[in-house]
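# Coordinate analysis (summary)
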Amino acid sequence: MTTDTLTKPSGIALLKTAAATFVPGPHRMLIGGAWRDAASGETIPVEDPATGEVMTSVPAGGVQDVDLAVTAARRALEGPWARMTGLERGKLISRFAARLEELADELAEIEAIDCGKPVAYARYVDVGLSATTYHYMAGWASKITGETVGVSTPGDFHAYTLREPVGVVAQIVPWNFPLVLTAYKLAPSLAAGCTAVIKPAEQTPLSTLRLAQIIEEVGFPPGVVNVVTGYGATAGAALAEHPDVDKVAFTGSTDVGKMVARAATSNLKRVTLELGGKSPMVVFKDADLDRAIPGLASAIFFHQGQVCTAGSRLFVHRSIHDRVVEGIAAEAGKLVIGHGLEPDTTMGPLISGRQLERVMGYLDQGMAGGAEMVTGGGRMGNGGHFMEPTILAGTNADMAVVREEIFGPVLCVMSYDDEDLDAVAKAANDSPFGLSASVWTRDLSTAHKMAKRIKAGSVWINMHHFFDPALPFGGFKQSGWGREQGADAIRTFTEVKSVCAAL
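Predicted, not measured: the structure shown is a model, and the values here were computed from it. (Residues numbered from 1 in each chain as written. Predicted model: local features only at pLDDT ≥ 70, side-chain atom pairs only at ≥ 80, totals over all residues. Heavy atoms only, no water.)

## Here we look at the overall build of the chain
- The helix and strand inventory of the chain stands at 17 helices and 24 strands.
- Each of the three principal axes of the chain carries a C-alpha extent, and together these read 70 × 65 × 40 Å.
- Across the 503 residues of the chain, 58% fall into the buried class.
- Of the contacts made within the chain by residues no fewer than 6 positions apart, 74% connect residues no fewer than 24 positions apart.
- Working note: accessible area of the chain is about 19500 Å², and carbon and sulfur atoms make up 52% of it.
- Across the chain, the centroid of the 44 positively charged side chains sits 5 Å from that of the 55 negatively charged ones. (Helix = DSSP H or I, 4+ residues; strand = E, 2+ residues; numbered from the N terminus. Buried < 20%, exposed > 50% of the residue type's maximum accessible area, 1.4 Å probe, protein only. Contact = heavy atoms within 4.5 Å. Areas by Shrake-Rupley, 256 points an atom, 1.4 Å probe, with all protein chains shown as cover. Lys, Arg positive; Asp, Glu negative; His and termini not counted. Charge placed at Lys NZ, Arg CZ, Asp CG, Glu CD.)

## A word on the side chain of K247
- Note on placement: K247 falls in strand β10 (residues 247-251).
- For the buried K247, no salt bridge is present, and the opposite-charge side chain at shortest range is E484, 7.7 Å distant.
- Those residues in contact with K247 that sit more than four places away from it in its chain are V166, V168, V169, A170, K269, R270, V271, T272, T492 and F493. (Salt bridge = Lys/Arg side-chain N within 4 Å of Asp/Glu carboxyl O.)

## What to know about the sheet that holds strand β6 (residues 157-165)
- Strands sit in the order β5-β6-β24 across an open sheet of three strands; the sheet is antiparallel. The open sheet terminates on both sides in strands that have one partner only, identified here as β5 (148-149) and β24 (494-502).
- Pairing analysis gives nine bridges linking β6 to β24, with the strands arranged antiparallel. Bridge pairing in β24 places A159 opposite C500. (Pairing = 2+ DSSP bridges.)

## Thoughts on helix α6 (residues 119-140)
- Taking 1.5 Å of rise per residue, the 22 residues of α6 would be expected to cover 32 Å, and the 31 Å separating its terminal C-alpha atoms lies within 8% of that figure.
- Roughly 30° is the biggest bend found in α6, and it falls at G128.
- Listed as buried for α6 are A122, D126, V127, L129, S130, A131, T133, Y134, M137 and A138.
- For α6, the secondary structure elements touched by its buried residues are α4 (86-102), α5 (104-115), α7 (178-192), α8 (206-218) and α17 (486-492). (Expected span 1.5 Å × (residues − 1). Bend = angle between axes of the 7 residues up to and from the residue.)

## As for the sheet that holds strand β20 (residues 436-440)
- The strand order β14-β17-β18-β13-β12-β20-β21 describes an open sheet built from seven strands, whose pairing is mixed. For this open sheet the edge positions go to β14 (372-375) and β21 (458-461), each flanked by a neighbour on one side alone. Sheet twist, expressed as the average angle between the axes of neighbouring strands with direction ignored, equals 25°.
- Sheet strands in contact with helix α13 (residues 353-368) are β14, β17 (390-393) and β18 (410-416), and its direction is about 25° off that of β17.
- Running over the sheet, helix α16 (residues 444-453) touches β12 (279-283), β20 and β21 and is turned about 170° from β21. (Axes fitted to C-alpha atoms, helices over the stretch in contact; angles between N-to-C directions.)

## Observations regarding the pairing of strand β11 (residues 270-274)
- The element β11 is extensively covered by neighbouring structure, given that four of its five residues are classed as buried.
- Of the pairings in the sheet, the one linking β10 to β11 comprises five bridges and is parallel in character. The partner of T251 across the bridge, within β11, is E274.
- Regarding topology, helix α10 (residues 254-264) serves as the crossover connection from β10 to the parallel β11, and that connection is right-handed.
- When β11 meets strand β23 (residues 480-481), the two strands line up antiparallel, connected through two bridges. Its bridge partner lying in β23, E274 is registered against G480. (Right-handed = clockwise from strand over helix to strand, strands pointing away.)

## Notes on the UniProt feature "domain: Aldehyde dehydrogenase" (unreviewed entry) in the chain
- UniProt records the feature "domain: Aldehyde dehydrogenase" (unreviewed entry) at residues 35-499, using the numbering of this structure.
- Segment residues 35-499 splits into 41% helix and 21% strand. End C-alpha atoms: 42 Å apart. (UniProt positions renumbered as here; feature names shortened; annotations may be inferred.)

## Observations concerning the packing of aromatic side chains
- Scanning all chains against the criterion turns up 10 aromatic pairs.
- For the ring pair W81 and F220, a centre distance of 5.9 Å and an interplane angle of 40° mean the geometry is tilted. Residue W81 is located in helix α3 (residues 80-83), and its partner F220 is located in the loop between α8 and β9 (225-227); the two are separated by 139 residues in the primary sequence. For the pair shown, W81 and F220 are each scored as buried. (Phe/Tyr/Trp six-rings, centres within 6.5 Å; stacked < 30°, edge-to-face > 60°.)

## Re the pattern of salt bridges
- All chains considered together, the criterion is met by 21 salt bridges.
- When the shortest N-O distance is used, the salt bridge between R99 and E102 registers 2.8 Å. With R99 and E102 both in helix α4 and three residues apart, the pair spans about one turn of that helix.
- The class of E102 is exposed, set by a relative accessible area of 57%.
- Between D422 and R453 there is a salt bridge, and its shortest N-O distance comes to 2.7 Å.

## Things to note about the UniProt feature "active site" (unreviewed entry) in the chain
- Per the UniProt entry, the sites bearing "active site" (unreviewed entry) are E274 in this numbering.
- Residues within four places of E274 in sequence aside, it is in contact with L181, F250, T251, G252, C308, L435, F473, S479 and E484.

## Thoughts on the packing of α6 against α7
- The N-to-C vectors of α6 and α7 enclose an angle of 10°; their axes lie 9 Å apart at closest approach. As far as their axial angle goes, α7 and α6 are roughly parallel. When α6 is examined against α7, the residues V125, D126, V127, L129, S130, T133, Y134 and M137 are found in contact with a partner set consisting of L179, V180, T182, A183, Y184, L186, A187, P188 and A191.
- Of the residues belonging to the contact of α6 with α7, the class tally is 13 nonpolar, three polar and one charged. (Parallel < 35°, antiparallel > 145°, perpendicular 65-115°, else oblique. Nonpolar A, V, L, I, M, F, W, Y, C, P; charged D, E, K, R; others polar.)

## A word on the pairing of β18
- Most of β18 sits out of view: six of its seven residues are buried.
- Here strand β13 (residues 311-317) runs beside β18; their pairing, made up of five bridges, is parallel. Within β18, the residue paired with R313 across the bridge is C412.
- Alignment of β17 against β18, held across three bridges, turns out to be parallel. Residue pairing across strands places T390 opposite V410, the latter belonging to β18.

Structure below.
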């Protein structure tokens with residue numbers, strides 16, 4: 001591991017694109033086509049997690065700002081946006097997607113410095129997947145249809161269904177993948193004809209504000225997309241409770257997701273929730289280890305483990321346990337840890353000092369409970385929020401570090417001997433979460449049998465972390481409600497109306 005870049009005094013000095021001008025600001029919110037400060041005049045400092053430096057500030061939007069944004073979104077929903085055809089909406093979304101691709105280097109730098117991720121990953125994963133999602137959903141805008149229905153009642157009737165926009169959508173986005181998780185919500189909602197109020201996480205608002213500028217530039221009507229920056233407890237809560245919001249699309253922790261669901265009962269607004277995960281990875285003794293070991297390492301250490309689908313629970317057959325653990329430890333040793341804007345960096349910091357303390361607290365609990373530290377476990381550098389990639393062996397399902405989502409680069413390893421697939425699946429399913437999982441084996445029969453047995457929204461075979469706009473994404477159990485991406489996403493942003501005429 002390399003630590004040379006951990007004492008850089010300023011991340012802003014590393015910016016090479018127009019991001020160098022954008023990041024320091026000033027920044028305002030986009031509401032109804034106008035750029036505004038918060039009604040309170042208050043601001044939120046934005047920190048570079050790699051240095052601890054406060055780079056800029058954004059408005060601390062509150063209840064009054066949310067109300068203005070919802071009113072603007074309602075006005076746009078019932079005005080020019082409603083009069084556009086699906087094809088016209090699709091062309092506008094495609095134009096937006098193409099502009100993201102043109103600005104990919106700038107957007108990647110903004111995301112890298114704001115979130116603490118390697119800029120190369122931000123360029124090809126975050127910006128790439130976001131643009132692809134808008135392109136994909138643009139095609140759906142002209143293909144949203146109802147169907148004719150043959151009713152069972154005798155007589156002459158003409159019956160059919162319509163799909164209509166659900167309405168004004170509050171989109172609350174977390175700090176780990178702002179561009180991607182905004183795209184997951186905004187792209188299908190625009191395709192369906194909805195309008196949006198986006199609240200990015202207070203830690204990472206910058207790329208969303210840049211998106212708002214691009215939204216305005218490419219010609220979306222005022223109020224179709226509004227961005228309110230603010231704290232979750234104020235702006236986020238106000239959106240979830242607002243009586244004129246028709247739907248909330250939320251990604252974040254399970255605990256906050258439950259709060260959003262309770263708040264939505266005020267007017268029974270529609271809700272989709274993409275929540276926490278504690279994803280199992282099951283490695284059978286016949287697995288191709290040359291392929292599996294780097295894949296398993298990437299599954300937990302990508303973006304410092306701050307991924308809802310991170311492969312944080314590893315179940316490996318005892319006959320290959322030591323080789324797999326040693327191999328993942330060797331992969332961890334190859335990581336170059338530093339500021340995300342440094343070209344060689346492959347692992348950045350955690351998002352904040354608070355998050356670093358949280359992860360370290362779980363490590364302490366695990367060690368006190370008898371876990372073995374294979375590698376890592378320490379803090380790194382003189383500035384920022386860095387920690388070593390960490391592997392804990394000898395863990396069990398009773399440990400908090402195994403049961404709870406900790407959002408850090410910590411792999412918990414457990415071995416098994418039982419060849420019975422039901423028993424292996426039972427261990428993998430022993431979690432309140434069910435977001436994703438991966439199965440590693442050369443036996444396709446075993447792979448597909450396990451995919452059927454594992455209770456998760458996504459099951460990957462001989463890989464981990466595969467996302468595509470055509471594939472529905474979401475979780476079982478306490479990992480959420482509903483699906484994003486694919487045709488399912490369009491359904492979540494529409495209401496079905498039945499029409500029947502007596503002839």
